[in-house]
Amino acid sequence: MIKDIIQSNNTIVPGSKELEILRENFPACFHADGTFDIERFREYLKDKVDVSDEGYELRFLGKNYARMLASLDTTTVVVPDEAHNNLPENKDSKNIYISGDNLDALKHLLKSYSGQIKCIYIDPPYNTGSDGFVYNDSFNFTAAELSEKLSISQEKAERVLDLTKRGSATHSAWLMFMLPRLLLARDLLSKDGVIFISIDDNEQSNLKLLCDDIFGEENMICSFIWKKRQMVDSRTKNGASKDHDYLLCYGRKEYCRIIGKESDKTKYSNPDDDPRGPWMSADMTGLATASQRPNLHYELIDPTTGTIYPCPSTGWRYEPSRMQELLQNNEILFPKDPTGRPRRKKFMRDLESEYTGLSSILETVFSTQGTRELRELYNGKEYFDFPKPVEYIQLILSQGIVPTDKDKVYVLDFFGGSSTTAHAAMNLISNGESLNYILVQIQAPFEKETDAYKAGFKTIDELGIDRIKRAAKKISTANPMFAGDLGFKHYTLMEPTSTQIEKIEKFNPNAITGDSSLVDEFGVPTILATWLVRDGYGLTPDVQELDLGGYTAYYIDKHLYLVNASLADEAIGALLDRLQSDKDFNPQNIVIYGYAFDWTELSSLKDSLQSVQAGEKNLHINFDVRY
């Protein structure tokens, strides 16, 4: 497990993931020594892609370092909060809350939820200088190691390391922080998924270029403007009241469209029994003066009565030829009063969509509402500064989950903060929407002088979890008949201790004896949860406990997990009997926690499996020992 990851991470360089994809799909472009032949690659793209030798890109100190961080696997383990997760309201829940660094969380999530997240919303630090953002990471590279991995000078490597260690809040540090997280987020999005990112002027322009780089410039949907303040701020130093934030929106290639509000179909009727169906009266007035569009300025004549209708000052909406088609199709509505203005029939069947577009200016919900909502939950207390309003987040999430989704979808927020996203998601769930949420929040401590700390909340995730519980209770009280999923599973990401790392590094897989102390130190639930998400079963799997002659094993789909120590002969015999006699028991992988077993137990199990694979069931079992 951790030992395997550490060994694999030692070979990672920037672009490792991309090279794997190229090597898999374009093997002919690689020479025997592993070098990539760019000219041969160009030949593959000829007549398909216009390859340019000129380009424009965002460059900053530490960009390759950040790309490498996205490729490194996490050595953290997933610790389930068993007391919480086994409560009646949480036991069967598919909602997830993760306490831990979101970079580690995203790497765990990718192993089970890659391409499955329909909508991501994040509200990252804005790097304002006063929002507390500083960049630090826990990777302990030396300048020499980094110089070799990134193919840069040792002087430049030292500059990069300086950014990672001294708590920098520069633009480069912020971009270095965001890049790996957005790279991983991109891979979590479904083919028709969409991501929304809140930001302000401090990093908006840099974030736009970074997202163009990661998601593709052609996949930008919109840079929305959120008018967050209702009243103009009179306390400005330069006379400009900054009343808005930005909401950058990018989609995957198959993302179809942003969804605004539903068209008002009550305006359509069919008073004249038109065979083309319901219609409404629509204005035909244009928007251009005669000097701007002379072809749109002409008199309109009613062919039935001969009444002449003068041209509006801004002309008509249609050229004469198109207007003639409308006349021939009886789509023009002439007024009885000759001083009135002709209109046209707009048929409901001609609607491109039953939904209108979403305006790029969002100005119906203001930031003060978010503060008011927290006050209501916490008896007047304000534990967070400028929390986003629930209604605003509901509007954002609704863009990713309606109206095309039939199956349940996931929404993700990996800067969980005050848990507004979970609150909004639960409101949508209680309104009948089919979704689940995943929230991630690092265990950032509250300062001792803050109201949150004095109220007993030591870290932000503690308060975020409490807010979800309070919001769920409020929703349940308001909807007593609702029996949907308002619970959540809670997990904490933990780095192995130095003692555990020492045991892992010193352990000899070929030794006669095992070291079952690592089972006790990590705990079976933690080892199992970490493996389940790694093997694609997610954080809310339905795992079956199996009694094999007094030994407890864990079975789900194609995997049988042997984590507990002391695999006696009776247990191996019970496993073989189950494999041979139970037609529904067909694990393709038997996964073993290598530290828990001695050489004799592993050898006995391997020999026994070889004999059963040659039996009547013709089993093909992968024997997977993990360290």
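Look above for the structure.
Residues numbered from 1 in each chain as written. Predicted model: local features only at pLDDT ≥ 70, side-chain atom pairs only at ≥ 80, totals over all residues. Heavy atoms only, no water.

**A short note on the overall build of the chain**
Here is the rule we go by: In DSSP terms, a helix is any run of H or I states spanning at least four residues, a strand is any run of E spanning at least two, and both are numbered starting from the N terminus. Only protein chains enter the calculation, and the probe is 1.4 Å; a residue is then buried if its accessible area is under 20% of its type maximum, exposed if over 50%, and partly exposed in between. Two residues form a contact once any of their heavy atoms are found within 4.5 Å. Every accessible area reported is derived by Shrake-Rupley at a probe size of 1.4 Å, with residue values counting cover from the shown protein chains alone.
Scanning the chain for helices and strands turns up 21 helices and 20 strands. By its C-alpha atoms, the chain is 105 × 65 × 65 Å across when sized along the principal axes. Within the span of the chain, comprising 627 residues, buried residues form 48% of the whole. Partitioning the intrachain contacts of the chain with sequence separation of at least 6 by distance along the chain shows that 74% fall at a separation of at least 24. In the form shown here, the chain has an accessible surface area of approximately 32200 Å², with 48% of it arising from carbon and sulfur atoms.

**Remarks on the pattern of salt bridges**
Our working rule: Take a side-chain nitrogen of Lys or Arg and a carboxyl oxygen of Asp or Glu: if they are within 4 Å of each other, that pair is a salt bridge.
A complete count under the given rule lists 24 salt bridges for this structure. A salt bridge links Glu 331 to Arg 276; its shortest N-O distance comes to 3.7 Å. Here Glu 331 is found in the loop between helix 11 (320-328) and strand 10 (332-333), whereas its partner Arg 276 is found in the loop between strand 6 (244-251) and strand 7 (279-282), with 55 residues between them in sequence. Judged by relative accessible area, Glu 331 falls into the buried class, the value being 9%. Overall, the relative accessible area of 21% leaves Arg 276 in the partly exposed class. Among the salt bridges present, the one from Asp 466 reaches Arg 470, with a minimum N-O distance of 2.7 Å. Within this pair, Asp 466 and its partner Arg 470 are both found in helix 16 (residues 460-478), separated by four residues, close to a single helical turn. Look at Asp 466 and you get buried, because its relative accessible area is 19%. Within the structure, one salt-bridge network assembled from shared partners comprises Asp 272, Asp 274, Arg 276, Glu 331, Arg 344 and Lys 345.

**Digging into the environment of Ala 568**
Tracing the sequence through the fold places Ala 568 in the loop between strand 18 (559-562) and helix 20 (569-581). Note on Ala 568: relative accessible area 36%, which makes it partly exposed. Along the backbone, Ala 568 and Gly 550 are 18 residues apart, and their C-alpha atoms lie at a distance of 9.1 Å.

**A word on the packing of aromatic side chains**
For the record, the criterion: Note on aromatic contacts: the rings of Phe and Tyr and the six-membered ring of Trp form a pair at centre separations within 6.5 Å, being stacked when their planes are under 30 degrees apart, edge-to-face when over 60 apart, and tilted otherwise. Consider the ring centre and the ring normal. A charge sits over the ring if Lys NZ or Arg CZ is within 6 Å of that centre and within 35 degrees of that normal.
All told, the structure shown has 23 aromatic pairs when counted by the stated rule. Each ring, one from Phe 507 and one from Tyr 595, has its centre 4.9 Å from the other, and the planes form 70°; the classification is edge-to-face. With Phe 507 in the loop between helix 17 (498-506) and helix 18 (517-522) and Tyr 595 in the loop between strand 19 (589-593) and helix 21 (599-613), this residue pair connects regions lying 88 residues apart in the sequence. In textbook terms, an aromatic cluster arises when at least three aromatic residues are bridged by ring pairs, as seen for Phe 507, Trp 531, Tyr 561, Tyr 593, Tyr 595 and Tyr 627. The ring of Phe 347 has Arg 349 sitting right over it, with the charged end atom 5.8 Å from the ring centre. A cation sits over an aromatic face here: Lys 458 above Tyr 453, 5.2 Å from the ring centre.

**Digging into the pairing of strand 11 (residues 343-347)**
Each regular strand displays side chains that alternate between the two surfaces of the sheet. The condition is simple: Here a strand pair is declared whenever DSSP counts at least two bridges between the two strands.
Here strand 7 pairs with strand 11 via four bridges, running antiparallel. Bridging across to strand 11, Ser 281 finds its partner in Lys 345. Two elements, strand 10 and strand 11, share two bridges in a ladder whose sense is antiparallel. Bridged to Leu 333 within strand 11 is Arg 343.

**Here we look at the state of the cysteines**
By definition, a disulfide is the covalent link that joins the sulfur atoms of two cysteine residues. For clarity, the threshold we go by: Cysteine sulfur atoms that come within 2.5 Å of each other are treated as a disulfide pair.
Taken as a whole and judged by the stated rule, the model has zero disulfides. The thiol sulfur of Cys 211 is not disulfide-bonded, and the nearest other cysteine sulfur, from Cys 249, lies at 10 Å. Between Cys 222, a free cysteine, and Cys 249, which holds the nearest cysteine sulfur, the sulfur-to-sulfur gap is 7.3 Å.

This is a description of form; function is not addressed.
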